[in-house]
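# Observations on the model geometry
What follows is each chain in one-letter form.
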Amino acid sequence: MLLRKITLEEFGAYRGKQSLDLTPKKNKPIILIGGLNGCGKTTLLDAIQLALYGNRARCSGRGTKAYDAYLRESINRKADPNRGSAITLEFTVMTGGHEHYYRVVRSWHISGKTLKEFLNVYVDDTYGARAKTQRDVTPEGKFNRLLSEGWADHVESLLPLEIASLAFFDGEKIESLADPERAASVIESAVHSLLGVSTVQQLRNDLLALQRRQKLSDEEQHLLDNIRAQEAERDAVLSQYDVAHQELGHSRIELGKAQRKLDSLEKAFADEGGDLFTRRIELENDKKQTAARLAQVRGELIQLAAGPLPLLMAQPLLQDVRQQAEREQEARQSAQVLEVLEARDQWLLDLVPETVRADVLKQLDADRAERADKTQLPVDLRLPHDALAQLTVLNELLQRDLERSQQLLDSAAELTEQLDQLDRQLAGVPAQDKVEALQVARDEQIVEVARNQAACDRATAKLEDLKRRREHVTSLLERAHKEFVRTKVKAEEVERIIKYSEKARDTLERFGSALLKRHISRLEVAVLQSFKVLMRKQGLVHDLRIDTDKFILTLADADGEPVDPARLSAGERQLLAVSLLWGLMRVAGNRLPSVIDTPLGRLDSRHRKHLVDRYFPNASDQVLLLSTDEEIDEYLLGRLKKSVAQTYTLVHDDTEFTTAVVEGYWWNAGAQHAG
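Described in the following lines is the structure provided in the data block. Here the residue index of a chain counts from 1 through its sequence in written order. Totals for whole chains, interfaces and linings use every residue, but because this is a predicted model, local features are given only for residues with pLDDT of at least 70 and side-chain atom pairs only at 80 or more, for both listing and counting. Excluded from the side-chain calculation are hydrogens and water; included are all heavy atoms of the structure.

With that settled, the discussion passes to the overall build of the chain. Under the scheme used here, helices are H or I runs from DSSP no shorter than 4 residues and strands are E runs no shorter than 2 residues, and both carry numbers assigned from the N terminus. Within the chain, the secondary structure is distributed over 19 helices and 15 strands. Think of it in three bands: residues with accessible area under 20% of the maximum for their type are buried, residues over 50% are exposed, and the middle band is partly exposed, with areas taken using a 1.4 Å probe on protein chains only. Split into buried and exposed, the 675 residues of the chain put 41% on the buried side. Carbon and sulfur atoms provide 51% of the accessible area of the chain, an area that totals close to 37,900 Å². Note on areas: Shrake-Rupley with a 1.4 Å probe; residue coverage comes only from the protein chains shown.

Another point: the packing of aromatic side chains. Two aromatic rings, drawn from Phe, Tyr or Trp (for Trp, its six-membered ring), form a pair once their centres lie within 6.5 Å of each other, and the interplanar angle then sorts them: stacked below 30 degrees, edge-to-face above 60, tilted otherwise. Counting across every chain of the model gives seven aromatic pairs. Consider the rings of Phe 91 and Tyr 102, whose centres lie 5.2 Å apart with planes at 10°: the pair is stacked. Of this pair, Phe 91 sits in strand E4 (residues 85-95) while Tyr 102 sits in strand E5 (residues 98-111), placing them eleven residues apart in sequence. A single burial state applies to Phe 91 and to Tyr 102, both of which are buried. Ring geometry for Tyr 615 versus Phe 616: centroids 5.6 Å apart, planes at 50°, classification tilted. Each of the two residues, Tyr 615 as well as Phe 616, counts as buried. Grouped by ring-pair contacts, the aromatic residues Phe 91, Tyr 102 and Trp 151 constitute a single cluster.

Now for the packing of helix H17 (residues 570-588) against helix H18 (residues 605-615). Taken N-terminus to C-terminus, the directions of H17 and H18 make an angle of 10°; their axes are 12 Å apart at the nearest point. With respect to each other, H17 and H18 are oriented roughly parallel. Residue-level contacts link Glu 572, Leu 575, Val 578 and Trp 582 of H17 to His 607, Leu 611, Arg 614 and Tyr 615 of H18. Orientation is described by axes fitted as lines to C-alpha atoms, over the contacting stretch for helices, and by angles from 0 to 180 degrees between their N-to-C directions. Angle categories are assigned with fixed cut-offs, so that under 35 degrees is roughly parallel, over 145 is roughly antiparallel, 65 to 115 is roughly perpendicular, and the rest are oblique. The contact criterion used throughout is that any non-hydrogen atoms of two residues lie within 4.5 Å.

Time to look at the pairing of strand E14 (residues 644-653). In terms of burial, E14 is a largely internal element, nine of the ten residues being buried. Two strands are counted as paired when DSSP detects at least two bridges linking them. In this sheet, E14 lies alongside strand E3 (residues 30-35) in parallel orientation, the contact comprising six bridges. Bridging from a neighbouring strand, Ile 31 pairs with Gln 646 of E14. Where E14 folds back onto strand E15 (residues 658-663) in an antiparallel hairpin, the turn is made up of four residues, including Phe 657, whose phi is positive at roughly 55°.

For the rest of this paragraph, the subject is the sheet that holds strand E11 (residues 562-563). Strand order in the open sheet made by the three strands is E9-E10-E11, with antiparallel pairing throughout. The sheet is open, and its two edges are formed by strand E9 (543-546) and E11, each paired on a single side. Strand direction decides the pairing type here: strand E10 (residues 553-556) and E11, joined by two bridges, are antiparallel. The residue bridging Leu 555 from the neighbouring strand is Val 563, located in E11.

Turning to the pattern of salt bridges, a few remarks are in order. Pairing is possible between side chains that carry opposite charge, provided their charged atoms lie close to one another. Salt-bridge detection follows one rule: a side-chain nitrogen of Lys or Arg within 4 Å of a carboxyl oxygen of Asp or Glu. Across all of its chains, the model carries 16 salt bridges by this definition. The closest approach of N and O atoms between Arg 15 and Glu 10, which form a salt bridge, is 2.5 Å. By relative accessible area, which is 32% here, Arg 15 ends up partly exposed. The exposure class assigned to Glu 10 is buried, which follows from its relative accessible area of 15%.

Interpretation in functional terms is not warranted from these geometric data alone.
This is the structure:
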């Protein structure tokens, strides 16, 4: 693949329509693009990936943003959102000896609150032949609807997304490839995709699919195989059924023997009082618990006896005291009433006529005399005024304690009876030496009976399952035979295809393994050579190996001792990662472009010279360098100039916050106003 041209329209900081011719020249593979930090170098790298991969592109400025949000923010702030942005990427691909031209146009704009994206792909299949006579003419290509709709799949055949990270990379972030685990995934992906190992595996899969289609599509072979398989299954089921039937009979016999022996042991154990012996501990625990409950009941009875309960023995005296309290209370009430009645009677006499006053006076005197008699008590104990209430409360307490004591006495009698019964049962427990042997034998026989019962159950279930399988297979076989009678079997051709496909798959498997080992061996040499070419410390790494199973990269010094990549400096790890990519490109034949952003970060002056002199001119057939003025400076530009085909400078307007593309670099014509 060769990148030919990229055009940005209102994308990021790029205002208006900006184009860069990326076509390399003979022996001049480098396209040098300069720009200060923040001028849009990384944006240009993102634009290439965005044009190719869309939503799947690993753009640096996207982060965790949603794809729609990223596209919205990518529209130049000075541009009309309704017109939106567009990226046009033109490139050529050599396929089947012919060079095909592609023009991919990815555009998007905002319509209301919705973002709309469009992808149009144009293809020119005659580009290679015409380019020989019309190199200055850019082909338009023909719009291909099917390719536009299926571009996500088609671009994987041109440049898989996993491989794109090898072709488009940030020089400062590439250091992570020096980590063995990260490098392993990159090596595995590159070996399979770039070096054709996956093609061999795909051929094996295609042959396997061919075999399966033959087996599934050939009705005659299917019927024959089906009959043979069902006959084999029927014979196996019949054999298993006979064995299972014998196993069930044997299990039932053994179960009967074990059960009879257990019955005998149970009887002997019972005759010796084994049930009581077995329950001895339970009986002893019951006795302890019953005794504890009896002691608790007696304790409660003692507590009740310490209260007012003994007063029940003086119940008649308490009744007499209650009657005396009632009389004294009535006397006190009558005395209080007499004082009030004298005033009342005088008031009433004043109200009645003279004619009846004598009768009324007589009745009132009689009433007062009667009340006065009540105040005269033969015995006056001078009980408290609330004595009656206290006696009522005492009576209630005595009644409650009486009921509770009766319950406790009943419980005590019941528990005493239980203790006597438990003592009688414990007295009948036989000695341990009489029943211990019988108990052990009985327990062991119970386990034996359970084991035989489980075996019998399994044998029964197995026999029933085999019986159902036998009936099912017999039914299927009968139907297959009837179907086979109506069909003529011709399996020779299918068997021949399957036979030779299997041989081809075995051959491809051996070829794939050999190819993988060969590529890994070449890759080891290429990466090690690249590392030594770029490194200032020639003796630091003497050998490099890549495991063919896990693709782990290991380094060794002159003594054969492993070299941990963590021991390398940041610049040396960056060179190791660059060497890995360079080695992969060399083994793959430099078929992919290399786009390198910030190519010389973290490197000292000597390592920078090595990259400029040895790597950039030979990294690939096309190398895009996105550099600051401090990386590819005037001195390094002079060393690199013989390999440069095109130079550009990204000029940023700090007042408008926009970037323009100007031909030329800082220290050559065309870029005097850059910066």
